[in-house]
Amino acid sequence: MTSLPQPSSKKLGLVIDLDICVGCHACVTSCKEWNTGGHSAPLSDHDPYGADPHGAWLNRVHSYEVDEGDRTGTVHFPRSCLHCETPACVTVCPTGASYKRAEDGIVLVDPDTCIGCKLCSWACPYGAREYDHDDGVMKKCTLCVDRIYNETIPEIDRVPACVRACPTGARAFGDLGDPQSAVSQSVAARGGYGLLERFGYKPVNRYLPPRRKVSAVSEARRDGNSTSAAPAEPRSSIEKLFAWADRALSR
Amino acid sequence: MHPAYSVIVFTTASGAGYGLLFWLGLGHAAGLLPAPTWIFFVAIALSLLLITVGLLSSTLHLGHPERAGRAFSQWRSSWLSREGVGGVAPYVPAGLLALASLAGIESGWTQPLGLLSALGALATVVCTAMIYACLPTIRQWNLALVPVVYLALAAASGALLLACLFAMSGYSPGPVSVLALVSLAGAALAKIAWLKQIDAAGGDWTRRVAPGLAKVSIRQLDPPHTRPNFVMREMGYAIARKHALKLRQIMFAALFAAPALLLVLSLAVPFAAPFMLTAAVVSAGTGLLVERWLFFAEATHVSMLYYGLQRA
């Protein structure tokens, strides 16, 4: 059924910390590795070792140079399905193969009923769906639905493969419908945001923006001090000693 | 957007078929067509043939054509599903109408069949256009003029086919030629308005807002992959502005100018009408293929902003 279910209170999704992501693509490869054998199997590639390699992958990492006016920086930006609350990719599906789960909000494709018309990929503004030419059906992030509820694997592994693989802890998985969950708390604390919200599809996944860098903070402090009084002199002799050591070591 | 030939053939052939069926059904219901004869049968058969070719062609673009029947199920939410249901439904009244004309039955109950056929054809073309017009991700398609253009072009190509059929079978195509001229003019106006609209708006979405990061500007340092993936191949098809303008000229000449000229000439020189109207059909058909190819090639998709497209 491609009509959307009643909104669930449980909204499983990812929170991706763009401050921490180093763009190593470990999430990309571990996603591919798990899903080419799991729910989405096969996740076929064409000409993988040739001149024109391409294939269906469910997670992609872009690296951007971002200009914020007073400074520029590199941001690594992982992009996958955002498991929208009101996804157009589901409602445009003519067969009911593309659906949103009522119980946890995960958006999935039923590979047995998908006719491979690709209309869902046209409806998605995030480019999150990739067509599998060998399989003739659309593939997308399943939020590792075959891991997170899987009681045959150790409990520590019951998170999406990308989250488990991330060496820097930039990816977190949880219930974004629960304001008390760790992911919701970090979104609230860091000003987490969704992508292209004006489309109105209410993406569940959130991105945590890069923090201001240390140099930016110290520069801002120095700029602030130039207009105010000189810093207070350390009073005790031990403080003077530390101040001297600090200056000497900074030279 | 990648212009898939199967979809181009589907929308143009079935569009002309539904256009022809619309005029036949409407003309029959209003009692304006010549009495049901073999010509009427041939015309309905031709419309159903074009519709069938179009629908079959559309399945070529599916990954699993054998599952196409499933597409009838989600008409509550999906325009593609509605198009499938609407596309097949007119076969019933149109088929009955064709059989009645073949059997030489003339009675009042065939008129509702004509009306049903016309309404079905009209609804189906609207559904076809809405598959595209309902997508906010593609600004060139997400416009009220898209269904208008699809309807006008279906009406024009159908009327042109009917005029040609009449001329070839010895009937005076005069009134139908005028109908074809008027609908061609309407389609040209709608098309011009649509082109103006897509050229004027640069797109609300920019590369800067897509990842939601930059206050000033953003530049892709490293793409996620070295070769184009499905998203780039399907959604990232781009045509050079220069080529698009040249193709637009070809489209206008072949789809509107030449057929209109030939229609006027055929009205002035009735004995040459069969040849002129055949030439008009060939020219308009070619122009229609170019028009539909451009409809896809000139469309930009928001997801390409992640891959460096400036605006969409």
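Quick caveat, the model's predicted, so the values are computed rather than measured. (Residues numbered from 1 in each chain as written. Chains lettered and ligands numbered in written order. Predicted model: local features only at pLDDT ≥ 70, side-chain atom pairs only at ≥ 80, totals over all residues. Heavy atoms only, no water.)

> Sorry if this is basic, but what is going on with the confidence of the model for chain A here?
Taken over all residues, the pLDDT of chain A has a mean of 90, while the share at 70 or more is 90%. Below pLDDT 50 for its whole length, residues 225-230 of chain A participates in zero contacts with residues either more than four positions away or in separate chains. (pLDDT = per-residue confidence, 0-100. Contact = heavy atoms within 4.5 Å.)

> What is the right way to look at a nonpolar patch on the surface in this model?
A contiguous nonpolar surface patch, about 470 Å² in accessible area, is contributed by I238, L241, F242 and W244 of chain A. As for its placement among the helices and strands, L241 of chain A is situated in helix α8 (residues 237-250). (Patch = residues over 30% accessible without salt bridge, like charges linked within 9 Å, V, L, I, M, F, W, Y side chains within 5 Å. Areas by Shrake-Rupley, 256 points an atom, 1.4 Å probe, with all protein chains shown as cover. Salt bridge = Lys/Arg side-chain N within 4 Å of Asp/Glu carboxyl O. Helix = DSSP H or I, 4+ residues; strand = E, 2+ residues; numbered from the N terminus.)

> Quick question: what am I supposed to make of the nonpolar core here?
The tendency in soluble globular proteins is for nonpolar side chains to be buried side by side. Counting 148 residues, the largest nonpolar core has W122 and Y126 of chain A together with Y132, W141, F296 and Y306 of chain B as the members making the most contacts within it. With 17 residues, the top contributor of residues to this core is helix α6 (residues 145-168) of chain B. Those residues in contact with Y126 of chain A that lie beyond four places of it in its chain are R79, L82, C84, L195, L196 and P203 of chain A together with S303 and Y306 of chain B. Residues V15, L176, V183 and V187 of chain A belong to the second largest nonpolar core, which totals six residues. (Core = buried A, V, L, I, M, F, W, Y, C linked by side-chain atoms within 4.5 Å. Buried < 20%, exposed > 50% of the residue type's maximum accessible area, 1.4 Å probe, protein only.)

> Hey, could you run me through the packing of aromatic side chains in this one?
What characterises a pair of aromatic rings is the spacing of the ring centres plus the angle enclosed by the ring planes. Under the criterion given, the structure shown has 23 aromatic pairs over all chains. Ring centres of Y132 of chain B and F295 of chain B lie 5.5 Å apart, and the angle between their planes is 85 degrees; on these two criteria the pair is classed as edge-to-face. Separated by 163 residues along the polypeptide, Y132 of chain B in helix α5 (residues 110-133) and F295 of chain B in helix α10 (residues 273-297) bring together distant segments of the chain. For the residue pair Y132 of chain B and F295 of chain B, the accessibility class agrees, reading buried in each case. Arranged with centres 5.5 Å apart and planes meeting at 90 degrees, the rings of Y132 of chain B and F296 of chain B form a pair that is edge-to-face. Here F296 of chain B lies in helix α10 and Y132 of chain B lies in helix α5, a separation of 164 residues in the sequence. This pair shows no difference in class: Y132 of chain B is buried, exactly as F296 of chain B is. Through successive ring pairs, a cluster of aromatic residues spans W122 of chain A together with Y132, W141, Y150, W194, F295 and F296 of chain B. Between the NZ or CZ atom of R82 of chain B and the centre of the ring of W79 of chain B, over which it lies, the distance is 4.4 Å. (Phe/Tyr/Trp six-rings, centres within 6.5 Å; stacked < 30°, edge-to-face > 60°. Lys NZ or Arg CZ within 6 Å of the ring centre and 35° of its normal.)

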